[in-house]
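Overview (structure and organization)
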Amino acid sequence: MQFFGATFTICHRELIRYWRDKVRILTTLIQPLMFLAIFGSGLKQTLAQGNFGVDFIQFMYPGIIAMNVMGVAFFSTVTTVWDREFGFLREMMVAPISRSSIAFGKTLGATVIASSQALILLVLAPFIGVKLDIITLPLLFLFMFLVALAISGMGLFISSMMRTMESFGLLMQILIFPMFFLSGAFFPLTSVPTWMSVIAKLNPLSYGVDAMRQILLGGQIPDQILAKFTINTIPVNGLFLLVFGLVAVSAAVVVFNKRG
Amino acid sequence: MSIIKVENLVKKFGDFTAVNNISFEVKKGEVFGFLGPNGAGKSTTINMLSTLLEPTEGTAMINGFSTVSERDDVRKSVGLVFQDPSLDDKLTAEENLRFHAKLYHVPAQAYQHRMKEVLQLVDLWDRKDDQIRAFSGGMKRRLEIARGLIHYPVILFLDEPTIGLDPQTRAHLWDYILKLKREKQMTIFMTTHYMNEAEFCDRIAIIDHGQIVTLDTPENLKKGVGGNIITMQSRDKRGLKVELEKMGHSKIKDENDSLEIEVEDGASMLPKLLREVRTPIDTVGLRKPTLDDVFLHLTGRKIREENASGKDIMRQHMRMRRG
Ligand SMILES: Nc1ncnc2c1ncn2[C@@H]1O[C@H](COP(=O)(O)OP(=O)(O)OP(=O)(O)O)[C@@H](O)[C@H]1O
Ligand SMILES: [Mg+2]
């Protein structure tokens, strides 16, 4: 019980901080709009005639969600580096609570921020021509949450090891690019070179995109075509994301315990 | 009863020994000071006593609990004000306190009352809904003290509570600290390298290179130095020193622009000295020994230069930047 109380308190603080930072709110609002505007109109014109057998915007949409969730989730975990630099981490470290409630609280905060931002994308979907079946929304949102959890856990693990904002920022830059392009967002991962598919197998984003695409397109296109893009079943994808998130948070706890 | 009991505590960072086999006890209700120069091992000791660092060797018992095997009990027993700032500047004063109270399991129905109590103690009640970034350095420090008290700890650790503050704010802060001792019989363990602050302590341990050089009340420590200190300035400082040595004074210290002589009874010695000395003297002074003299007496060095050290200036700068 105490564990959940402390986790909730720490998560709550993350949300208050987010809420007070108007620039952060604004950017998280604008980013998805920008994405949709660029991908929606730009790519649609040039790539609509692709040979996927499916409207490109429909194909891309899960990737856009994943990209947004990833960006916000990663960025939200930077608060750990910030807290270390500005001394607040010690205030938490010396409290009579477990280190895991600190790690889970921070991860949960980032997860909530990232997945609620993705809600905006869901609301806007119809306006850019993405066909959404209302019934799929809860499951779609569940996966937004799971992707956010996995990425937040990963971000927390990284930020637990970083001493400065600069190094955290640099590492994020290096990670975000390959993670996005090897997520299956732009091209299916079913027929790529082995090294690519190995990386994709370790990439939590690819599981999220895989699942969300099945949820979104299921029933809209013939099953044979959908099967061509699909790598794992939806439950397997969900399980991977959950386990990935938990392992990453646990790793962060280990680092907290070792390094303080 | 000893509320802090430290035995043969050692902390090594690699080959470097930051705290070297220290032992001491602190009684309930005492204000106990750790006095020492930069890098002496003061913060390292506090970090071990507050469970943030594990000792390499030795044991520390806080409020009857082991800092290694009963961490959570120790953590609940102590309030901490770190050397470096540790408030969330995006939160209001009240939110910072609430966060802390929740992590320390302060019952919800007791919170409002305690929050008001500690904020009034440090005169911040009317600022409770302001965000911390609008606070001055002294206000932040006071809030940190209030935060350290809201879970009703039995011991308050203060690591250089007044560093980077102007003299007036420092004096104010001391009023609060002494009020705590008076009104709550709080045990206070504090570190400082301001000599005049150490005077407020019931007992002080002087720590240097990770070791306790001496431990006693400020009065006794000063008595140990001798009766009085006579200071003399002269254009011919070296000649004056030679002459004084010929007269049989052995405890002469060469300060920047003056000589300091430790004597038993300064009031009767001074006129005699002035009559006998031939070297021209510009100014003379007579004063009681300070803790500075104690440190000098014991280690042969001054605890710190007149001007703040580079590290100190950097810290103050950091405080302002974080301000
Ligand atoms: N994590 C660490 N790793 C290596 N050395 C350390 C570490 N922490 C402290 N030290 C070293 O241990 C010594 C004691 O440091 P400590 O911070 O305890 O000094 P202090 O008495 O608090 O000094 P100050 O007055 O500057 O605060 C210093 O030489 C410092 O460089
Ligand atoms: Mg220190």
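Now for a description of the structure that goes with this document. (Residues numbered from 1 in each chain as written. Chains lettered and ligands numbered in written order. Predicted model: local features only at pLDDT ≥ 70, side-chain atom pairs only at ≥ 80, totals over all residues. Heavy atoms only, no water.)

**Some words on the pattern of salt bridges**
One pass over the structure, following the stated rule, counts 24 salt bridges over all chains. Among the salt bridges present, the one from Glu14 of chain A reaches Lys106 of chain A, with a minimum N-O distance of 2.5 Å. Placement of the pair is Glu14 of chain A in helix H1 (residues 2–20) and Lys106 of chain A in helix H5 (residues 99–124), with a sequence separation of 92 residues. Per residue, the accessibility class of Glu14 of chain A equals that of Lys106 of chain A, and both read buried. A cluster of three or more residues bridged by salt bridges with shared partners is formed by Arg13, Glu14, Arg17, Asp83 and Lys106 of chain A together with Asp88 of chain B. (Salt bridge = Lys/Arg side-chain N within 4 Å of Asp/Glu carboxyl O. Helix = DSSP H or I, 4+ residues; strand = E, 2+ residues; numbered from the N terminus. Buried < 20%, exposed > 50% of the residue type's maximum accessible area, 1.4 Å probe, protein only.)

**Section: the packing of helix H3 (residues 56–85) of chain A against helix H6 (residues 137–161) of chain A**
Residue and element names in this part refer to chain A. One can describe the packing of H3 onto H6 by two numbers: an axis separation of 8 Å at closest approach and a directional angle of 35°. The interaxial crossing formed by H3 with H6 has right-handed handedness. Counted together, Ile65, Val69, Met70, Ala73, Phe74, Thr77, Thr80, Val81 and Arg84 of H3 and Met144, Val147, Ala148, Ile151, Ser152, Met154, Gly155, Leu156, Ser159 and Ser160 of H6 form the full contact between these two elements. Among the residues making up the contact of H3 with H6, the classes are represented as 12 nonpolar, 6 polar and 1 charged. (Axes fitted to C-alpha atoms, helices over the stretch in contact; angles between N-to-C directions. Left-handed = near helix turned anticlockwise from the far one by under 90°. Contact = heavy atoms within 4.5 Å. Nonpolar A, V, L, I, M, F, W, Y, C, P; charged D, E, K, R; others polar.)

**Here's the deal with the coordination of the magnesium ion (ligand 2)**
Four donors placed tetrahedrally around a metal ideally meet at 109.5 degrees, and six donors placed octahedrally ideally meet at 90 or 180 degrees. Distances from the magnesium ion (ligand 2) to its protein donors, namely Ser43 of chain B (OG) and Gln83 of chain B (OE1), fall within the range 1.9 to 2.0 Å. Here Gln83 of chain B lies in the loop between strand E6 (78–81) and helix H3 (93–103) and Ser43 of chain B lies in helix H1 (residues 42–49), a separation of 40 residues in the sequence. (Donors = N, O, S within 2.8 Å, 3.2 Å for Na, K, Ca; no water.)

**Overview of the site of ligand 1**
Residue and element names in this part refer to chain B. Not every one of the 16 residues close to ligand 1 is listed here, only the nearest: Asn38, Gly39, Lys42, Ser43 and Thr44. Here an oxygen atom of ligand 1 sits 2.7 Å away from a polar atom, N or O, in the side chain of Ser43. A distance of 3.2 Å is found between an oxygen atom of ligand 1 and a side-chain nitrogen or oxygen belonging to Glu160. Within the complex, the protein chains bury 67% of what would otherwise be the 640 Å² of accessible surface of ligand 1. (Near = heavy atom within 4 Å. Polar contact = N/O pair within 3.5 Å; in protein donor to acceptor, adjacent residues only side chain to side chain. Areas by Shrake-Rupley, 256 points an atom, 1.4 Å probe, with all protein chains shown as cover.)

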